[in-house]
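In case you want the letters, here they are:
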Amino acid sequence: MAMKTVEEDEVGISCFISDLPGFRGVLKQRYSDFIVNEVDRDGTVVQLTSLDAPEEEPESVQENGTNSSDTVVSYASRIESFKSLAGESDAILLEEFINKINAGGEDSFSPIVLSPDSDKSHRKVMHNFFKENFKFLVTDVVDGPDPSLKCIRVRLNSAEPNNKAKNSKKRKERGGKPFDSRGSENWPENAGKFLRFHIYKENKDTHEALGVIGSMLGIQPKSFGFAGTKDKRAVTTQRVTVYKQRASRLASLNKRLFGIKLGDFCYVKEGLCLGQLMGNRFTITLRGIVSDSEDIIKASADALGRLGFINYFGLQRFGSGSLPTHLIGGALLRGEWKLAVDMILDPREGDILFIRIAIAKARKYYKESNDVVGTLKQLPRYLVAERAVLQSLKTSPGNYLQALKSIPRTLRMLYIHSYQSYLWNHAASKRVQNYGTEQVVLGDLVNFKGNSTAKVTEFVGSEYTEDCSGGGYDSNNEDDISVDIHEDINTCVKVVDAEDLISGCYTIDDVILPMPGSRVKYPTNNIANVYEDLTKKDGISLTESVHNVEEFSITSITGCYRRVFQKPINFEWELLTYSDSNKQLVETDLDKINKSAPKNTVKPIDVGNGKTDEAFDCIRESESSDDFPKDKISGEVKLHHGESLGDSSSQDSHIALKLSFTLPASCYATMAIRELLKTSTSVRALIENLVSVNASLQINHD
């Protein structure tokens, strides 16, 4: 089967700002070549600076009236004693059961059954142990796998008043307090109910990392809050909040986490919601630079900082597989529920490309057998959309709309947003093709500056509201899901008229285009035709809906605006030389912690055997922080702007371009790199570029 992925021209990405020639370079050869640090709403760059829990923590009271920190310690010691009495497997089972009870989230907890025990006297000792050490649990005896064997069953003691109050659905039995399944109810009133921390991760997307942490804590996904998801194939740091958890408990996970570190803990009153960020700070290293001259590299880097790039939605927006997500969005807008379900579940060529053989096999099995139960057994749990659809079809066969609505809202709305982005990209390209990148023209939409007397229209903010109801959800289609909380760049927009052109009060940086919705205005020049022509071709109307399902209708979505051109903020660049391709060239947050900490107190992340099955992923080795002296990085000399590429005396030396810049939320760094290299960001193009660069480097070496 031929490998096929989304190409840029399919989703409207076709133009560049400058006409400078590009050059070749390898993006994301190593995870540390793509570093992302979240920027909060105050403009602070989020960094991992400490792995330690704060000295003072909330005094949480548990059911036995003791301090929570004491309770955890005593449970640990009791479980250790239980291990010597019952064995390691039963001790682990009991510990997991207690963790679930402490985390809450269920109205009743299924009992656990311990290993078969034929010794009655030993069972009696076990019963007494529970009575003395775990008063909130009760035990009895059930038949084992063999009639001659008996097993001790352990369950929550529902007769305990606190336990009853904890899990009952009845508000009156909880003293009028609302039931909250995300954490302990026994939390001091004066303490912030949310623990905020910084999560540092390598080669993991945000949902995957939080899923791992949630499983280790025994808590539900909705306990976590975050401002936006970050790239998977990268090293990223961002803020996360979790409901009613102690910092010491999370800090203790660091020694067991791989590719993830947690730190910078503090307690706050409010949890994070999607969109509560200013943007992201990127540190990107392009390796293996191949160019006709040093001047081309310098001119291109300077132009990127001066002119910026076309603010396209990147290919990540449309999925990494062979089926672009905007096609699913189009089916939803037309009310073709079964088609949308088929698109989500059908086999995809991209599964072969990314060596997702198990996924491809499961999709093929469902296509051929229509066996919902059998397919569910084969599908990985991180395929949230597919599993949700199948679970719904299992209980309600043929109800495709219900199946689509069973997908978590933040995920199912991505299909609609993807279609809006598809329209926006095409409109942006037409704007550049028709009117260039230097001047505002009659009929453009701009952010109203307040110094014009012309008629303005109300600014419509993002329809992607901040959803604090909890939880993020993974999408198998996207390695990074950008959160579309567009910056409120002003309070209103206006159409550029002749008076505006004469006054010169607006520049190309002010030009915006709408994301289609019921409350947006469109340009009055011919760019508006792009929206009409594309939707008409797809059988969709911008003004009328063919069905009454509001969330899948453009007429029920408010819409918003987005800058056509974006300049990188606080832009810096420098050329580096290196000889060892396995050496990382930039310090990560964890490297800085290791560098400042006493020797052997902080272990570098162990990420496995150094191999990966994904294109361009190169696992970072656990390197000594001593490799980062002040004026050198991993032994590789920095070249400043005025120095020549020919200064290096090593025949094996290579060139890298290091870029540092900040972008607002929902802007794609890959589109900035595309402007620099003048090449496609599709997987196919990246593979071809990698092969070409390696060939050029080999020729130069020979």
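Residues numbered from 1 in each chain as written. Predicted model: local features only at pLDDT ≥ 70, side-chain atom pairs only at ≥ 80, totals over all residues. Heavy atoms only, no water.

Stated formally: UniProt positions are given in the numbering used here, feature names are shortened, and annotations may be inferred rather than shown by experiment.
Taking an unreviewed UniProt entry as the reference, the protein chain is identified by name as Pseudouridine synthase TruD belonging to Vigna unguiculata. Its UniProt record gives the protein chain a comment under Sequence similarities (unreviewed entry), which states: "Belongs to the pseudouridine synthase TruD family."

Some details on the overall build of the protein chain
Note the following rule: The helix and strand labels rest on DSSP assignments: H or I over at least four residues marks a helix, E over at least two residues marks a strand, and numbering proceeds from the N terminus. To sort residues, take the accessible area from a 1.4 Å probe on protein chains only and compare it with the maximum for the residue type: under 20% means buried, over 50% means exposed, and anything in between is partly exposed. The contact criterion used throughout is that any non-hydrogen atoms of two residues lie within 4.5 Å. Computed by Shrake-Rupley with a 1.4 Å probe, the accessible areas treat only the displayed protein chains as cover when residues are assessed.
A tally of helices and strands in the protein chain yields 20 helices and 21 strands. Put simply, the protein chain has 702 residues, and 55% of those count as buried. Considering only intrachain contacts with a sequence separation of at least 6, the fraction spanning at least 24 residues in the protein chain is 79%. For the protein chain, the exposed surface amounts to about 31200 Å²; the carbon and sulfur share of it is 49%.

Notes on the pattern of salt bridges
Put simply, the rule reads: Should a side-chain nitrogen of Lys or Arg be within 4 Å of a carboxyl oxygen of Asp or Glu, the pair is scored as a salt bridge.
As enumerated under the stated definition, the model contains 23 salt bridges in all. Arg-239 is the salt-bridge partner of Glu-38, the closest N and O atoms lying 3.0 Å from each other. Note that Glu-38 is positioned in strand β2 (residues 34-39) and Arg-239 in strand β8 (residues 235-243), a separation of 201 residues in sequence. Side by side, Glu-38 and Arg-239 carry an identical accessibility label, which is buried. Of the charged contacts in the structure, one is a salt bridge between Arg-412 and Glu-551, with a shortest N-O distance of 2.7 Å. Of this pair, Arg-412 sits in helix α15 (residues 409-435) while Glu-551 sits in the loop between α17 (528-537) and β16 (560-563), and the two are 139 residues apart along the sequence. Residue classification places Glu-551 among the buried residues on the basis of a relative accessible area of 16%. Within this structure, Glu-38, Lys-230 and Arg-239 form a network of salt bridges that share partners.

Points about the sheet that holds strand β3 (residues 112-113)
Each strand in a sheet pairs with another by means of backbone hydrogen bonds, the pair being arranged parallel or else antiparallel. We apply this condition: Strand pairing requires that DSSP identify at least two bridges connecting the strands.
Ordered by their spatial adjacency, 3 strands build an open sheet running β3-β5-β4, and the pairing between neighbours is antiparallel. Only two strands of the sheet have a single neighbouring strand rather than two, namely β3 and β4 (137-143). Where β4 and strand β5 (residues 150-156) come together, 7 bridges link them in antiparallel fashion. When the bridges of β5 are listed, Leu-137 appears paired with Leu-156.

Things to note about the nonpolar core
Our working definition: The set of buried Ala, Val, Leu, Ile, Met, Phe, Trp, Tyr and Cys residues whose side-chain atoms join them within 4.5 Å is what this entry labels a nonpolar core. For the purposes of this description, domain bounds are those given by an automatic or database domain assignment.
Residues Leu-286, Leu-404, Ile-407 and Leu-657 are the most contacted members of the largest nonpolar core, which totals 102 residues. In terms of residues, this core owes the most to one element, α15, which gives 12 residues. Here this core gathers at least three residues from each of two domains, domain 1 (18-43 + 283-308 + 564-592 + 659-701) and domain 4 (409-450 + 486-563).

What about unusual backbone geometry?
The backbone phi angle of Asn-370 is positive, close to 60 degrees, even though this residue is not glycine. Following the sequence through the fold, Asn-370 ends up in the loop between α11 (357-369) and α12 (372-378). Accessibility expressed as a relative area gives 54% for Asn-370, which makes it exposed. Phi angles above zero are rare outside glycine, and Lys-678 is one such case at about 55 degrees. Mapped onto the secondary structure, Lys-678 falls in the loop between α19 (669-677) and α20 (683-701).

Details of the packing of helix α8 (residues 325-334) against α15
Let me state the cut-off plainly: Where helices are involved, their axes are fitted lines through C-alpha atoms of the stretch in contact, as for all axes, and angles between N-to-C directions lie from 0 to 180°. Throughout, the term roughly parallel applies to angles under 35 degrees, roughly antiparallel to angles over 145, roughly perpendicular to angles from 65 to 115, and oblique to all others. Polar here means any residue other than Ala, Val, Leu, Ile, Met, Phe, Trp, Tyr, Cys and Pro, which are nonpolar, and Asp, Glu, Lys and Arg, which are charged; Gly is therefore polar.
Axis separation between α8 and α15 bottoms out at 7 Å; the angle between their running directions is 100 degrees. In this view, α8 runs roughly perpendicular relative to α15, as classed from their interaxial angle. Contact residues: α8 offers Thr-325, His-326, Ile-328, Gly-329, Gly-330, Leu-332 and Leu-333, while α15 offers Arg-412, Tyr-415, Ile-416, Ser-418, Tyr-419 and Tyr-422. Here the contact of α8 with α15 is built from residues that sort into 7 nonpolar, 5 polar and 1 charged.

Overview of the packing of helix α7 (residues 294-307) against α19
Put simply, the test is: With the far helix as reference, a near helix turned anticlockwise by less than a right angle produces a left-handed crossing, and one turned clockwise produces a right-handed crossing.
It is the contact of α7 with α19, at a shortest axis distance of 9 Å, that shows an interaxial angle of 140 degrees. Relative to α19, the element α7 is oriented oblique. In terms of crossing hand, the pair formed by α7 and α19 is right-handed. Taken together, the residues of α19 that come into contact with α7 (itself represented by Ser-300, Ala-301 and Leu-304) are Ala-672, Glu-675 and Leu-676. A per-class count over the contact of α7 with α19 returns 4 nonpolar, 1 polar and 1 charged.

Topic: the environment of Val-290
Counting through the fold element by element, Val-290 comes out in strand β10 (residues 279-290). Distance in space between the C-alpha atoms of Val-290 and Gly-22 is 9.8 Å, their sequence separation being 268 residues.

Some remarks on helix α18 (residues 589-596)
Buried within α18 are the following residues: Asp-589, Leu-590, Asp-591, Ile-593 and Asn-594. In the core, the buried residues of α18 are packed alongside β2, β6 (194-202), β8 and β9 (260-268).

So, the side chain of Asn-311
The condition that has to hold: Throughout this description, a polar contact denotes any pair of N or O atoms lying within 3.5 Å of each other; where both atoms belong to protein, one of them has to be capable of donating a hydrogen while the other can accept it, and for residues adjacent in sequence the pair is counted only when both atoms sit in side chains.
As for its placement among the helices and strands, Asn-311 is situated in the loop between β11 (309-310) and α8. At 3.2 Å, the side chain of Asn-311 and the backbone oxygen of Arg-563 are in polar contact. Dropping the residues within four chain positions of it, Asn-311 is found in contact with Trp-424, Arg-562, Arg-563, Val-564, Phe-565, Gln-566 and Cys-667.

Notes on the environment of Leu-156
Inspection of the secondary structure assignment puts Leu-156 in strand β5. When the C-alpha atoms of Leu-156 and Thr-139 are compared, they prove to be 8.9 Å apart, with 17 residues separating the residues in sequence.

Examining α17
Put simply, the test is: The arc refers to the directions leading from the helix axis to the C-beta atoms.
Of all the positions in α17, only Ala-528, Val-530, Tyr-531, Leu-534 and Thr-535 are classed as buried. Considered in projection along α17, the buried side chains sweep an arc of 160 degrees and stay on one side of the axis. Exposed residues pointing more than 90 degrees away from the buried face of α17 are listed as Asp-533, Lys-536 and Lys-537. Residues of α17 that are buried sit in contact with α15 and β15 (511-515).

Thoughts on the side chain of Asn-203
Here Asn-203 is to be found in the loop between β6 and α5 (206-217). Polar side-chain contacts of Asn-203 include one of 2.8 Å to the side chain of Tyr-31.

Topic: the pairing of strand β21 (residues 654-664)
Most of β21 is tucked away: 11 of the 11 residues are buried. Neither face of β21 is exposed, since His-654, Ala-656, Lys-658, Ser-660, Thr-662 and Pro-664 on one face and Ile-655, Leu-657, Leu-659, Phe-661 and Leu-663 on the opposite face are all buried. Alignment of β10 against β21, held across 8 bridges, turns out to be antiparallel. Pairing of Asn-280 across the sheet is with Leu-663, part of β21. The pairing of strand β18 (residues 569-578) with β21 spans 8 bridges and is antiparallel. Bridging across to β21, Tyr-578 finds its partner in His-654.

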